[in-house]
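Tertiary structure, described
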Amino acid sequence: MTDEFDVIVVGAGLAGCAAAIRLAKGGANVLLAERGSEPGAKNLSGGVFWGHDLDSILPNWWHEMPLERHIVRKRFGFLTADRALSIDFEDGDWRKEPYVGHSVLRARTDAWLAHQAEAAGATVVPSVPVDRLNWEGNRVHGVVQGGETMTAPVTIIADGANSRLTLGTPIRPESHLPPEATELGIKEVLRLDPALIEDRFQVGPGEGHAEEWVTGMFPPGVLAGGFLYTNRDTVSLGLIVNIASLYDRGVYSTDLVEQFKLHPTIASRLKGAELVEYGAKLLSTGWASRPAAFHGDGWMIAGDAAGFVFSNGLVIQGMNYAVRSGLAAAETALEAKSGGNASAARLAAYDHRLETSGVLGDFRDFERLDRVKWNPRIYAEYPKLVTELFHAMMTETGAPKQKMWKLAMETRKSSGVSMTRLIRDGVEVLWNA
Ligand SMILES: Cc1cc2nc3c(=O)[nH]c(=O)nc-3n(C[C@H](O)[C@H](O)[C@H](O)COP(=O)(O)OP(=O)(O)OC[C@H]3O[C@@H](n4cnc5c(N)ncnc54)[C@H](O)[C@@H]3O)c2cc1C
């Protein structure tokens with residue numbers, strides 16, 4: 001029996017769409033199956049998209065794609081219950097065309113990308129929740145959905161974090177991902193007049209502002225980072241939460257977002273904003289969420305499903321790796337098609353591409369990042385310590401002035417963090433992040 005398709009791609013997120021576009025443009029008969037009622041319907045991202053990986057398949061993507069605002073400023077800081085300390089980074093290069101980073105809303109971008117795949121000749125089918133991979137011994141030979149088998153010599157698995165298609169299979173023998181392999185992303189989209197966005201975030205028309213916060217304001221033990229991105233006429237904000245830190249604490253993630261939103265530094269800029277969307281989604285955590293292999297007989301795994309999300313507190317980047325790995329899988333599938341061979345040995349070229357394009361290195365080299373990023377002191381003690389120090393330096397009380405080093409030493413002492421711990425944590429961050 002001949003196969004119905006050359007390649008089946010599961011999931012019309014960034015990885016799946018990028019792969020399908022490349023495959024269709026390369027002349028492959030490709031099926032892109034998406035479980036959502038339309039591509040993007042089930043997707044949720046903060047999100048700042050660094051899109052240069054699309055250049056090879058969509059040279060004018062930054063002109064044509066439905067993007068929100070091009071980012072001209074990034075802010076990073078610490079929040080405690082009533083204080084905030086931050087630094088802003090602005091880069092002239094970010095104001096020049098082609099802009100490098102854009103805020104995006106996935107319902108729009110993914111639908112547009114899937115449309116590009118269709119225009120290039122791919123068969124895009126929404127509302128198709130693939131039930132499982134079609135295993136024939138050690139080989140994946142297409143997928144099964146609603147009792148029907150669709151076959152192809154190559155299947156690209158791009159079904160996102162918590163990849164259900166692979167759990168409990170040789171690709172991911174475990175039945176569910178361990179806590180260290182996922183984080184919880186919670187996001188709200190709030191409508192706000194574009195003129196108010198530009199005024200409150202001090203950006204020009206079309207320009208965007210992005211911020212990330214270490215939040216030292218939640219119940220003890222809860223570890224979470226906050227983000228806020230400006231879109232055209234909305235603001236995306238939310239938290240990335242260490243799931244294990246919520247266990248047995250009786251804390252609801254929705255309450256945490258509400259608390260973040262009500263912080264004076266955040267709330268002051270959201271006055272009058274109206275909630276239009278709420279969502280929660282799991283994120284992969286890089287090396288800790290990698291599968292047993294990235295390819296095998298008849299299959300490759302890309303994007304979040306392969307664990308490719310990089311987040312170090314300053315940045316969260318997964319969409320770029322999704323595109324890059326999707327393209328690497330597509331190139332490998334095209335080679336397999338022309339050679340008439342989709343064996344594991346042939347698809348090993350995928351790992352080589354992941355290696356040479358820097359994807360694997362970016363995750364392997366940062367293996368210890370999670371340990372550093374979720375160090376409880378970063379949330380419980382350091383936001384308090386640094387904001388306390390700035391409070392002491394900035395507030396005039398009439399008390400005798402103190403030199404900065406002395407204030408720093410005293411603040412550190414009263415925080416209870418030992419000098420050794422402070423130095424160790426600092427070195428660990430610099431070394432591993
Ligand atoms: C709150 C939050 C904020 C984020 N912020 C950023 C950011 O600012 N910048 C950034 O670069 N990244 C960010 N990320 C990460 C980014 O969203 C992901 O890395 C990216 O979406 C991965 O793309 P993907 O195509 O691999 O997976 P996804 O985008 O998850 O796409 C997977 C697709 O597969 C479909 N699917 C799943 N199962 C099936 C099935 N059985 N059958 C058919 N279809 C299926 C899904 O519906 C979905 O459309 C954020 C993530 C979250 C949760």
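Residues numbered from 1 in each chain as written. Predicted model: local features only at pLDDT ≥ 70, side-chain atom pairs only at ≥ 80, totals over all residues. Heavy atoms only, no water.

With that settled, the discussion passes to the domain arrangement of the chain. By a widespread convention, an interface's size corresponds to the accessible area lost as its parts come together. Here the domain parsing of the chain yields domain 1 (7–68 + 104–172 + 291–367), domain 2 (180–284) and domain 3 (371–432). Taking only C-alpha atoms into account, the centre of domain 2 sits 25 Å from that of domain 3. Facing 11 residues of domain 2, the contacting portion of domain 3 comprises six residues. Taking both sides of the interface into account, the surface hidden between domain 2 and domain 3 amounts to around 640 Å²; carbon and sulfur atoms contribute 69%. (Domains from an automatic or database assignment. Contact = heavy atoms within 4.5 Å. Buried area = accessible area lost by both parts, 1.4 Å probe.)

A few words now on a nonpolar patch on the surface. A surface patch of nonpolar side chains, about 720 Å² in accessible area, is lined by W405, M409, M419, I423, V427 and W431. Of all the elements in the fold, those that place two or more residues in the nonpolar patch are α13 (404–415) and α14 (419–432). Per-element tally for the nonpolar patch: the top contributor is α14, with four residues. Note on W405: relative accessible area 58%, which makes it exposed. (Patch = residues over 30% accessible without salt bridge, like charges linked within 9 Å, V, L, I, M, F, W, Y side chains within 5 Å. Areas by Shrake-Rupley, 256 points an atom, 1.4 Å probe, with all protein chains shown as cover. Salt bridge = Lys/Arg side-chain N within 4 Å of Asp/Glu carboxyl O. Helix = DSSP H or I, 4+ residues; strand = E, 2+ residues; numbered from the N terminus. Buried < 20%, exposed > 50% of the residue type's maximum accessible area, 1.4 Å probe, protein only.)

On to the packing of aromatic side chains. Summed over the entire model, instances satisfying the criterion amount to 11 aromatic pairs. For the pair W374 and Y379, a centre-to-centre distance of 5.7 Å together with 25 degrees between the ring planes defines the contact as stacked. In this structure W374 comes out as buried when scored by relative accessible area, which is 11%. Taking the relative accessible area as the measure of exposure, Y379 reaches 8% and is therefore buried. Among the aromatic residues, those joined into a cluster by ring pairs are F294, F308, Y321 and F363. (Phe/Tyr/Trp six-rings, centres within 6.5 Å; stacked < 30°, edge-to-face > 60°.)

With that out of the way, let us pick up unusual backbone geometry. The omega torsion of the bond from E97 to P98 falls at -5 degrees, within 30 degrees of zero and hence cis. Looking at where P98 falls in the secondary structure, it is placed in the loop between β5 (84–90) and β6 (101–103). One non-glycine residue with positive phi stands out, namely S127, at about 55 degrees. The topology assignment puts S127 in the loop between β7 (123–125) and β8 (132–136). Taking relative accessible area as the criterion, S127 reaches 47% and is therefore assigned partly exposed. One non-glycine residue, Q202, lies in positive phi territory at about 50 degrees.

Given a rise of 1.5 Å per residue, 15 residues ought to cover 21 Å, and the 21 Å separating the end C-alpha atoms of helix α3 (residues 106–120) matches this to within 8%. When we look at burial in α3, the residues that qualify are R106, T109, D110, W112, L113, A114, Q116 and A117. The secondary structure elements touched by the buried residues of α3 are α1 (14–25), β2 (30–33), α2 (61–64), β7 and α7 (319–339). Of the residues trailing α3, G121 is marked for its positive phi of about 120 degrees. (Expected span 1.5 Å × (residues − 1).)

Taking 1.5 Å as the rise per residue, α14 with 14 residues should run 20 Å; its terminal C-alpha atoms sit 20 Å apart, in good agreement. Of all the residues in α14, the buried ones are D425, E428 and N432. Along the axis of α14, the buried positions cluster into a sector of 60 degrees, meaning they face one direction only. Of the exposed residues in α14, the ones pointing more than 90 degrees away from its buried face are L430 and W431. Check the buried side of α14 and you find it contacts α10 (369–373), α11 (376–380) and α12 (382–394). (Arc of directions from axis to C-beta.)

In this sheet, β5 lies alongside strand β4 (residues 70–79) in antiparallel orientation, the contact comprising seven bridges. Opposite F76, over in β5, you have I87 as the bridge partner. Between the antiparallel neighbours β4 and β5 lie four residues. (Pairing = 2+ DSSP bridges.)

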